Amino acid sequence: MLAKTNHSGVACAHCGEPVPSIALQGNDNEPMFCCAGCRSVYELLQSHQMCDYYTLSDRAGVSQQALRNTETEYIVLDKPEVTQKFTEWKIGGTARMRFQIPTMHCSSCVWLLDQLHRFDPGIRSSSVDFVAKAVAVEFDIEQIPASQVAWLLHRLGYEPLLRVEGGEGVRESAHAETSRQLYTRLGIAGFAFANVMVFSVSAYYAGGMTELPVELQQLFPILSIVLSIPVLLYSAQPWFASAWSGLRAVIRDKAGWRAWTLDIPVALGMLALFVRSVIDLVTGTGDGFLDSFTGLVFFLLAGRIILHKTYAGISFDRTYRSFFPLSARKEGKGTTEVVAIEKIVVGDTLVLRNAEVVPTDCVLLDPVAYVDYAFVTGESVPVECVQGQIVYAGGRIVGKTARLSATKDVSHAYLSSLWERSSPKQERTRYERISDRFGLVFTIGTMAIATIAFVAWLPDVTAALTVVTAVLIIACPCALTIAAPVALGAAMTALGKRGIYLRAPRTIVDLLDIDVVAFDKTGTLTSHNSQLDTSALQATSEEWCLVQALATQSTHPVSQSIVGNSDVGKHSLDAIEEFPGKGIRGIVDGIPVLIGTASFVNAPLINSEGTHVAVDGRYLGVLHTLPTIHDQHRLQQLPQLRLLISGDSPRDEAHFKALFADKMLFNQTPIDKVNTVERLKEAGKRVLMVGDGLNDASALRAADVSVSVTSSTSTLAPASDVVMRAESIGNVASLLSYASRIRSVIWYSFVFSMLYNVVGLGLAVSGQLTPVITAIIMPLSSLIVIGISVWGARYFVRREQWA
Amino acid sequence: MGVVPLLVVCSIIVAGGFLVAFIYASRKGQYDDMETPSIRMVFDDVTTENSKSHSTTNKRV
């Protein structure tokens, strides 16, 4: 078999990824796997008769190729101070812990994770929260330690996400509490609305309260008022609280008109509705507007619950902190012990293995080690360190295990400062500023009209007061408060279905009027593992195996691409020598193998590019690495200025010419990136930054809007406004044009609700606003606005092109 | 018509009972997670018998 067929055309029985041909062993009837990780998950499931997992949904398994942690990583969970961070409650020997499982994605996941008790008798029960991507496990702490629960999840292919600051518990329960409260408020408002409406409708039929039979004339007003009081005091409380704090900021704290919110006119309208109704009913001068009042609160609450649910579905509040190690192995006298990183002090000897992050500045004790500072500097080629040299926190050990001596205590603040340059995001976003300024203009307008109407009706004070309250009632901008959030929420949900996750609904507004789109290169535009082009290589699979075995000895990116994810197996390696900038040679299973530049390998064409390979003195051919740009075609359609900011050297500059012309910056440190973004912002441009990870984290924060891409669901995204998949980065173009569509949708709803206000105000100032008319037009306008918003958001998302 | 006020009060009390039940349910977390149970309910039929007789064959890509 030739090595150039990279994939055998067989799907892995666990994850469905293509099985590399090199891994094809065994006969046809046995299931095949793409990697050892997938095989072990499959065998674990099989031994517990849980293979239904694979029949419940098509692509249940998640590829195990990228898993990092090992069993010892989890031991730290058994330390009381760490355990307590993740524990929801503990009674006697039973504890309940909540684990975040970012890779949870389908019904099979729910099925499996709900039945963890079948894997270990110590586990009492487990229950999945699919939306929050979390599983709560109740287990007997005597029978199975917390670390083993985490390790079981890991072995099942669901690596739990453990963060330094602990579980999601606190935030989750606060969220659940708000949601429960909203439901209670909604229940009470709905109850009052339905009953008050029954009283009102019978009054409307009879021709007014005063036309009803005498006993009902007394009963209905009293019941209406009694039912409305809890709506005013409890259900409508969020609006009153918000309006009150806004008013207080304006008046007492001298925050100026900037603190004015749209909730103030809403609260004013509600209050006017209630007070006017009570006066009408008590004095018997009218039928009151309590049906409109309770209905209004009910609709507003329903809108708020929809928003709350949209928000809950997208919990990607994962910060760069997720990359921090939770623990490290400390070497004592003849023993190694896993300790929480807070416990590391100066002088401790740490043992770090491949892909582990250095938790604090250290001195290298081993003769040599390779450290990848991509998180810090953005350069993806590992740096060679020799004995006695300082290895800085944030570096990642590549290849061989390294022993280090800590020279600083671990400080979270310091670790964070590596990536985070303090640039506090403005608290109020564009959207809030726009809507609140609108709220101010709106209130002033309403007040002006009310005053004019009052003066116009003046000799008759009662009539004048009636008109003023009518103006306040009809001018309550409830349709306006609903329009934008509902449109944005609907847009956010529609985008979520297409694999684009927004931090908050209002992010859409931030995506408007972008002038510059800045891209990071490696990992964002191109994939981290460059594709290996083996078409110019003539090798048998045995020879290819030898080449791979030698490549495992090098940390060079090309070598790593050669090894890929395949299981190389055991080979005897001898006389390995690596020549920086040239290549590596060695004797594998007794056969000499050379990988390197043309001259190093003695290729026939001495000056040709690429990585050349020779086995047993015979020249086999050349390998090329290709940076593959995702979705170049669609990115070219971006009307905004495109800019490339890369931490890498300009080695494949030519490749990006077509997309960026001369707008390319190379060798940029994270700080350079931030400065570039800030310079653009100072020049009055609105910048959208598209990046992948840690080395961009501060640039992402500095930009007006940030999009971070992830190559798989298990990779963590830093805090940013939008998260999407790296392969479909072209969606950035669609996203930006969709945002402007949404703006017009909101604009339509605004125009409509202004029309409603004009008509309503006309009725109000002429003294013709009756309870019946209010009861009809107020809910109607809200429903129409919701209709426009939801329909618009869904219609336009279908008109865009998504990948 | 004298019975109408009595009926109105009775109906409000009955409806109030449902309101209390609703509030109780939402306080107990009945509406916290509306997504997972809808996935969970489809499993019961499959789990019992297929587990033992299941054999996996690789799908062609």
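Because the structure is a prediction, the values reported are computed rather than measured. The residue numbers shown here count from 1 along each chain, following its written sequence. All chains are assigned letters beginning at A, and all ligands numbers beginning at 1, according to the order in which they are written. For a predicted model such as this one, the threshold for reporting local features is a pLDDT of at least 70, and the threshold for listing and counting side-chain atom pairs is 80 or more; totals across whole chains, interfaces and linings nevertheless cover every residue.

## A look at the overall build of chain A
Part 1: Numbering of helices and strands runs from the N terminus, with a helix taken as a DSSP run of H or I at least four residues long and a strand as a DSSP run of E at least two residues long. Secondary structure summary: chain A contains 24 helices and 28 strands in total.
Part 2: The proportion of buried residues among the 803 residues of chain A is 47%. Counts of 20 or more other C-beta atoms within 10 Å of a residue's own C-beta define buried residues, counts of 12 or fewer define exposed ones, and intermediate counts define partly exposed ones; C-beta atoms are placed from the backbone.

## Regarding the overall build of chain B
Part 1: A count of helical and extended segments in chain B gives three helices and zero strands.
Part 2: When the helices and strands of chain B are listed from N to C terminus, the series reads α-α-α.
Part 3: Across the 61 residues that make up chain B, the buried fraction comes to 3%.

## Looking at the packing of helix α13 (residues 461-474) of chain A against helix α23 (residues 731-765) of chain A
All names here are of chain A.
Part 1: Look at α13 against α23: their axes get within 8 Å of each other, and the N-to-C directions meet at 165°. By the criterion of interaxial angle, the relationship of α13 to α23 is roughly antiparallel. For α13 against α23, the interelement crossing comes out right-handed. In this structure, α13 contributes Val 467, Ala 470, Val 471 and Ile 474 to the contact, and α23 contributes Asn 757, Gly 760, Leu 761, Ala 764 and Val 765.
Part 2: Think of it as three bins: nonpolar holds Ala, Val, Leu, Ile, Met, Phe, Trp, Tyr, Cys and Pro, charged holds Asp, Glu, Lys and Arg, and polar takes everything else, Gly as well. Residues that form the contact of α13 with α23 fall into these classes: seven nonpolar, two polar and no charged. Here, axes are lines fitted to C-alpha atoms. For helices the fit covers the stretch in contact, and angles between N-to-C directions go from 0 to 180 degrees. Here the angle decides the label: under 35 degrees means roughly parallel, over 145 means roughly antiparallel, 65 to 115 means roughly perpendicular, and every other value means oblique. Should the near helix be turned anticlockwise from the far one by less than a right angle, the crossing is left-handed, and should it be turned clockwise, the crossing is right-handed. It is the C-beta atoms, placed from the backbone, that decide contacts: two residues are in contact if theirs lie within 7 Å.

## Here's the deal with the sheet that holds strand β6 (residues 134-140) of chain A
Residues and elements named next belong to chain A.
Part 1: For two strands to pair, DSSP has to find at least two bridges joining them. Strand order in the open sheet formed by four strands is β3-β4-β6-β5, and the pairing between neighbours is antiparallel. Either end of the sheet is taken by a strand with one partner, and the two such strands are β3 (87-91) and β5 (123-129). Across the sheet, the axes of successive neighbouring strands diverge by a mean angle of 15°, strand direction being ignored.
Part 2: Of the pairings in the sheet, the one linking strand β4 (residues 94-100) to β6 comprises seven bridges and is antiparallel in character. Pairing of Ala 95 across the sheet is with Phe 139, part of β6.

## What about the sheet that holds strand β12 (residues 383-386) of chain A?
Each strand in a sheet pairs with another by means of backbone hydrogen bonds, the pair being arranged parallel or else antiparallel.
Residues and elements named next belong to chain A.
Part 1: Sheet architecture is open: three strands sit in the order β12-β11-β14, paired in antiparallel fashion. Because the sheet does not close on itself, it has two edges, and the strands there are β12 and β14 (396-398). Here the strands of the sheet are splayed against their neighbours by 45° on average, with no regard to which way each runs.
Part 2: Of the strand pairs in this sheet, strand β11 (residues 368-372) and β14 are connected by three bridges, and their pairing is antiparallel. Bridge pairing links Asp 372 to Arg 396 in β14.

## A look at the packing of helix α14 (residues 478-497) of chain A against α23 of chain A
Residues and elements named next belong to chain A.
Part 1: Contact geometry for α14 and α23: axes closest at 9 Å, N-to-C directions at 160°. It follows from the interaxial angle that α14 and α23 lie roughly antiparallel. Crossing of α14 against α23: the hand is right-handed. Seen from α14, the contacting residues are Ala 479, Leu 480, Ala 483, Ala 484, Ala 487, Leu 488 and Ala 491; seen from α23, they are Ile 742, Val 745, Ile 746, Ser 749, Phe 750, Ser 753 and Tyr 756.
Part 2: Tallied by class, the residues present in the contact of α14 with α23 amount to 12 nonpolar, two polar and no charged.

## A few points about the confidence of the model for chain A
Residue and element names in this part refer to chain A.
Part 1: Per-residue confidence for chain A gives a mean pLDDT of 77, with 81% of residues at or over 70.
Part 2: The low-confidence segment residues 1-6, where pLDDT is below 50, has 14 contacts with residues more than four positions distant or belonging to other chains.
Part 3: Residue-level confidence of the predictor is summarised by pLDDT, bounded by 0 at the bottom and 100 at the top. Contacts of residues 314-322 to residues separated by more than four positions or lying in other chains number 21 contacts, the stretch itself having pLDDT below 50.

## Remarks on helix α21 (residues 670-682) of chain A
All names here are of chain A.
Part 1: One less than the residue count of a helix, multiplied by 1.5 Å, gives the span that helix is expected to have. Taking 1.5 Å of rise per residue, the 13 residues of α21 would be expected to cover 18 Å, and the 18 Å separating its terminal C-alpha atoms lies within 8% of that figure.
Part 2: Those residues of α21 that sit buried are Pro 670, Lys 673, Val 674, Thr 676, Val 677 and Leu 680. Taken around the axis of α21, the buried residues stretch over an arc of 160°, which confines them to a single face. The outward face of α21, more than 90 degrees from its buried face, is lined by the exposed residues Ile 671, Arg 679 and Glu 682.
Part 3: Just beyond α21, the residue with positive phi is Gly 684, at close to 85°. Taking the helix axis as origin, the arc is that swept by the directions to the C-beta atoms.

## Examining the environment of Ala 11 of chain A
Part 1: Tracing the sequence through the fold places Ala 11 of chain A in strand β1 (residues 7-11).
Part 2: Residues Ala 11 of chain A and Met 32 of chain A, 21 residues apart in the sequence, show an inter-C-alpha distance of 7.3 Å.

## Overview of the pairing of strand β15 (residues 402-406) of chain A
All names here are of chain A.
Part 1: Going residue by residue along β15, you find Ala 402, Leu 404 and Ala 406 tucked away on one face and Arg 403 and Ser 405 left uncovered on the opposite face.
Part 2: Note that strand β9 (residues 349-352) and β15 share four bridges and pair antiparallel. Its bridge partner lying in β15, Val 351 is registered against Arg 403.

## Brief notes about the nonpolar core
All names here are of chain A.
Part 1: Nonpolar cores are identified as sets of buried Ala, Val, Leu, Ile, Met, Phe, Trp, Tyr and Cys residues joined via C-beta atoms within 7 Å. Among the nonpolar cores identified, the biggest contains 122 residues, and Met 270, Val 471, Ala 487, Ala 491, Val 690 and Ile 742 are the most heavily contacted of them.
Part 2: Element by element, the count of residues in this core is highest for α14, at 14 residues.
Part 3: When neighbours within four sequence positions are excluded, Ala 491 is seen to be in contact with Ile 508, Ile 742 and Ala 793.
Part 4: Membership of the second largest hydrophobic core comes to 50 residues, among which are Val 10, Leu 112, Phe 130 and Leu 153.

## Thoughts on the pairing of strand β7 (residues 327-331) of chain A
Residues and elements named next belong to chain A.
Part 1: Inspection of the sheet shows β7 paired to strand β8 (residues 336-340) by five bridges, in the antiparallel sense. Along β8, the bridge assignment pairs Arg 329 with Val 338.
Part 2: The loop that links β7 with its antiparallel partner β8 comprises four residues; one of these, Gly 334, has a positive phi angle of about 75°.
Part 3: As paired strands, β7 and β9 are joined by three bridges and run antiparallel to one another. The partner of Arg 329 across the bridge, within β9, is Val 351.

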